[in-house]
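# Close look at the chain arrangement
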Amino acid sequence: MALDYRKCAEEIYSHLGGRENIVQAAHCATRLRLVLADNSKIDKKALENVDGVKGLFESNGQVQLIIGTGTVNKVYDEFLAVTGMSAATKDDVKNAAAAQQPAWKRALKSVGDVFVPILPAIVASGLMMGVVEALGKAIPSFASTDWYAFLDMIANTAFAFLPVIVAVSAARVFGGNIFLGAVIGLMMVHTGLLNGWNVGSEDAINAFFGIDTGVIPTWNLFGNFKIGSYVVGSISRHGYQGHVIPVMIAVWLMCKIEKWLHKKVPEMIDLFVVPITTVFLTALATFVVIGPIFSTLENYVLKGAEWLVQFPPGAMVMGALYPITVVMGLHHMYNVIEAGMLSAGNLNTWMPIATAANFAQFGACLAVGIKCRQAKLKTVAIPSALSASLGITEPAIFGVNFRFMKPFVCGMIGAACGAMFGAITKIGATAYGVTGIPGYLTINNAGIYTVLLLIAGGVAFILTWIVWKEEAPEPTVEEIQKQEALEGAVEGESKIYAPIKGNAISHEEIPDDTFASGVLGAGIGIEPEEGMVYAPYDGVISSTTETMHAVGITGANDMELLIHVGVDTVNMKGDGFELFVKEGDKVKKGQKLIKFDIDKIKKAGYSPTTAVLLTNSDDFADFKVVKTGKVAVGDLVVEA
Amino acid sequence: MKSFDYVITDEVGIHARPAGLLARAVKALGATVTITKGDKSADATRLMALMGMGIKKGDTITVSVEGDNEDAAAEEIEKFFKENL
């Protein structure tokens, strides 16, 4: 069933609280992302029910509608046409949304913005490192080949010079010149400084500086001026390999200085003054203050994080909390820790926790996908689960698990179990940003990793299977009663067969405004030749009237059909009608339902034209009248 | 949520046509309207459910309105009932 993109876009637009409420619109792979002036003005329930919208959630100030890969871009194009807006990039939307956020959230978001764009570099290096190391282990002789040395050099490049990559990315995020940012990053790993990785090794220090004290020499910019034992302006001559936080802070400061100078310095001399001043001030601040303070701080954070993930109860808690940070959009901050671990030359021991969390959401989502019976939910849950198994959990979390809450919680429990196992076994990865199945390429122990996946995914799957029950969308008392009546009754195709012999016309031609307008649903009218109504399909009588002139039948796929004999015949109060069924009766196609007297209807001054309308035809995208003109009882007239 | 009681005055109660008009009016308002009679209740946009309640002249029904701007919506709905039912 193909989606009508235009209709979908129009319906979405109609529930957004008017054109003036829409600030910006963009889309990503699966979602239509909207920034609205006032999120409370939208009709969420109606939006969720728009055909084509698989889910709705609010995140980071945006309203996001899950529409699906390959579809969202088409709906988006129509949406632009409908609203008369111009296309916004994802970044524009993010920025517009960011303006609505509190400062601490903006700061965390910036961290994510710095580390997410550099993922390709990290993943390329990490995967290559994983493969090279795996080959080295599998074929011991490989480790001594030139190929190994060459590939090893390529693979560790991104990590050896990570501060440069971070600096460029940070300069872009914080709005500075990226080349000046690169200079700051390069400066921090300058070959004239002792490599940051060798700070702890006296031999390396002695060899590098040609000394025998084992102490890193300093540059004292202001002589021996001291406050207490601290020498003011003293710079330890080592680089910042293995650090990312000091780099980010340094570049942030650089951007502040640069932007401020651009404003103050006359344009004529801008090029001579701004770059050199920016670099000089930033370098001074970086080596004297930012570097020493934040590299120490980062060491503590990393030590803390490493301790936490190696300490099973700590890992358990982190595993359980991880999905919540995904929902809040804060999970990219972990990249800082992961990047820190990697650039310090260690394995990324955070990755097993992220994998456990992601794979548990996969398990929970898969359970929903297999267990659920609503086709619409299935088509969301199964692909979302697959995507989650590859490490992209947003569709599973937002589209399925978080919506029903129980699967999400089951996923948290699965994540906790998997994360604890990861902490006990102490496995680690050679990259970050790669979890789930692709994680096999970067993990140091595939066997244990498999067990971890099974634990996290399995626990979440089984728990979800047990505790989650599919709920019909807000059942009313009436629907529950109907559901009970329907139990096991109706399955099959959505086909309607002529209930009366006569001349079939489209419902627009019925001589009554209400029926013709389609407000009661789409369908046909029949000018009867015989005064007998037969059941148009197997179903359950869902309503009758005392005046016996109308009957409602619920059939396969929840078709709700109204057969209304004659126009205004309600006024005949049952005279000339005979009803053979009562509410709740199961009927078979062709069974007699109502007998009526055509002549009596005509004599009373009414048209005997009988409306046969699918009252919920809106729910059937493929609704189609397949036959009009002369029909016999049992001819196929409507397919839906 | 806002609700009011209403006594049906229309000779034949809520049959197909008024049910259809009601469904249309409710859809236009964009609010959720639930009709209750005794222990039965139905969403006002669900035609068959509404007709299945068999609401007749003299019956007292409770109409509850939920959604944005429900005060205005409830007024509109009440007006609709007075004019049509």
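Analysis parameters
Residues numbered from 1 in each chain as written. Chains lettered and ligands numbered in written order. Predicted model: local features only at pLDDT ≥ 70, side-chain atom pairs only at ≥ 80, totals over all residues. Helix = DSSP H or I, 4+ residues; strand = E, 2+ residues; numbered from the N terminus. Buried ≥ 20, exposed ≤ 12 C-beta atoms within 10 Å, placed from the backbone. Pairing = 2+ DSSP bridges. Contact = placed C-beta atoms within 7 Å. Axes fitted to C-alpha atoms, helices over the stretch in contact; angles between N-to-C directions. Parallel < 35°, antiparallel > 145°, perpendicular 65-115°, else oblique. Left-handed = near helix turned anticlockwise from the far one by under 90°. Nonpolar A, V, L, I, M, F, W, Y, C, P; charged D, E, K, R; others polar. Core = buried A, V, L, I, M, F, W, Y, C linked by C-beta atoms within 7 Å. pLDDT = per-residue confidence, 0-100. Expected span 1.5 Å × (residues − 1).

### Some points on the overall build of chain A
Helix and strand content of chain A: 22 helices and 22 strands. Every one of the 640 residues in chain A was classed for burial, and the buried ones make up 45%.

### Looking at the sheet that holds strand β9 (residues 495-497) of chain A
Residues and elements named next belong to chain A. One open sheet accounts for three strands, arranged β9-β22-β20; its pairing is antiparallel. The open sheet terminates on both sides in strands that have one partner only, identified here as β9 and β20 (624-625). Where β9 meets strand β22 (residues 636-639), three bridges bridge the pair, whose relative direction is antiparallel. Residue pairing in the sheet places I496 in a bridge with V638 of β22.

### Focus: the pairing of strand β1 (residues 22-27) of chain A
Residue and element names in this part refer to chain A. Burial within β1 is extensive, with five of its six residues counted as buried. Strand direction decides the pairing type here: β1 and strand β2 (residues 31-36), joined by five bridges, are antiparallel. For A26, the partnering residue across the bridge sits in β2 and is R33.

### Points about the environment of A535 of chain A
All names here are of chain A. As for its placement among the helices and strands, A535 is situated in the loop between β12 (532-534) and β13 (539-544). For A535, a count of 26 C-beta atoms within 10 Å puts it in the buried group. In sequence terms A535 and I553 are 18 residues apart; their C-alpha atoms lie 8.2 Å from each other. Beyond its immediate chain neighbours, meaning those up to four positions away, A535 contacts P499, I553, V587, K588, K589, G590, Q591 and L593.

### What to know about the interface of chain B and chain A
Contacts between chain B and chain A engage 18 residues on the former and 21 residues on the latter. For the side of chain B that touches chain A, the elements supplying multiple residues, two or more each, are α1 (16-29), β3 (40-43) and α2 (47-52) of chain B. Here the side of chain B that touches chain A gets six residues from one element, more than from any other, and that element is α1 of chain B.

### Re the pairing of strand β14 (residues 550-554) of chain A
Residue and element names in this part refer to chain A. Counting buried residues in β14 gives five out of five residues, a clear majority hidden from the surface. Judged by which residues are buried, β14 turns out to be covered on both faces: A550, G552 and T554 on one side and V551 and I553 on the other are all buried. Of the strand pairs in this sheet, β13 and β14 are connected by four bridges, and their pairing is antiparallel. From the neighbouring strand, V540 faces β14, where its bridge partner is T554. Hairpin geometry of β13 and β14 is characterised by an intervening segment of five residues between the two adjacent antiparallel strands and by a positive phi of about 60° at M548. As judged from the five bridges shared by β14 and strand β15 (residues 560-564), these two strands associate in the antiparallel manner. Bridge pairing in β15 places G552 opposite L562. Here β14 folds back onto β15 in antiparallel fashion, the turn holding five residues, of which N557 has a positive phi close to 55°.

### So, the packing of helix α8 (residues 162-174) of chain A against helix α9 (residues 178-188) of chain A
All names here are of chain A. Taken N-terminus to C-terminus, the directions of α8 and α9 make an angle of 150°; their axes are 8 Å apart at the nearest point. If you check the angle between α8 and α9, you find them roughly antiparallel. Pair α8 / α9 crosses with right-handed handedness. Residues P163, V164, V166, A167, V168, A170, A171 and R172 of α8 form the contact with α9, whose participating residues are I178, L180, G181, A182, I184, G185, L186 and M188. Residue composition of the contact of α8 with α9, by class: 13 nonpolar, two polar and one charged.

### Description of the sheet that holds β15 of chain A
A sheet is described by the order of its strands in space; here eight strands give the open sequence β17-β13-β14-β15-β19-β11-β10-β21 (chain A), paired in antiparallel fashion. Each edge of the open sheet is held by one strand with a lone partner, namely β17 (586-587) and β21 (629-631) of chain A.

### Topic: the nonpolar core
If you look at the biggest cluster of nonpolar residues, it comprises 128 residues, and the most contacted ones within it are A170, V251 and A456 of chain A. For this core, the element with the highest residue contribution is helix α15 (residues 351-371) of chain A, accounting for 13 residues. Dropping the residues within four chain positions of it, V251 of chain A is found in contact with A167, A170, A171, F174, G176, G181 and I184 of chain A. Core analysis: the second largest hydrophobic core is formed by 71 residues, A498, L520 and V565 of chain A together with L29 of chain B among them.

### Describing the confidence of the model for chain B
All names here are of chain B. Across chain B, the average pLDDT comes to 79, with 100% of residues at or above 70. Across chain B, element-level confidence peaks in strand β4 (residues 60-66) with a mean pLDDT of 84 and bottoms out in α2 with 74. For this predicted complex, the interface confidence score (ipTM) comes to 0.73, while the overall pTM stands at 0.46.

### Some details on α15 of chain A
The end-to-end C-alpha distance of α15 of chain A is 30 Å, a good match for the 30 Å that 21 residues give at a rise of 1.5 Å each. Burial analysis of α15 of chain A places 19 of its 21 residues in the buried class, which makes it a mostly covered element.

### Describing the packing of helix α6 (residues 119-138) of chain A against helix α7 (residues 146-160) of chain A
Residues and elements named next belong to chain A. The interhelical angle for the contact between α6 and α7, taken along N-to-C directions, is 150°, at an axis separation of 8 Å. Regarding the angle of α6 to α7, the classification is roughly antiparallel. In the packing of α6 onto α7, the handedness of the crossing is left-handed. Contacts from A121, I122, S125, M128, M129, V132 and G136 in α6 reach Y148, L151, D152, I154, A155, N156, T157, A158 and F159 in α7. Classifying every residue of the contact of α6 with α7 gives eleven nonpolar, four polar and one charged.

### Comments concerning the environment of G185 of chain A
Residue and element names in this part refer to chain A. Along the polypeptide, G185 turns up in helix α9. In this structure, the C-alpha to C-alpha distance between G185 and Y240, residues 55 residues apart in sequence, is 9.1 Å. In contact with G185, other than residues within four places in its own chain, are P163, V164, V166, A167, V168 and V247.

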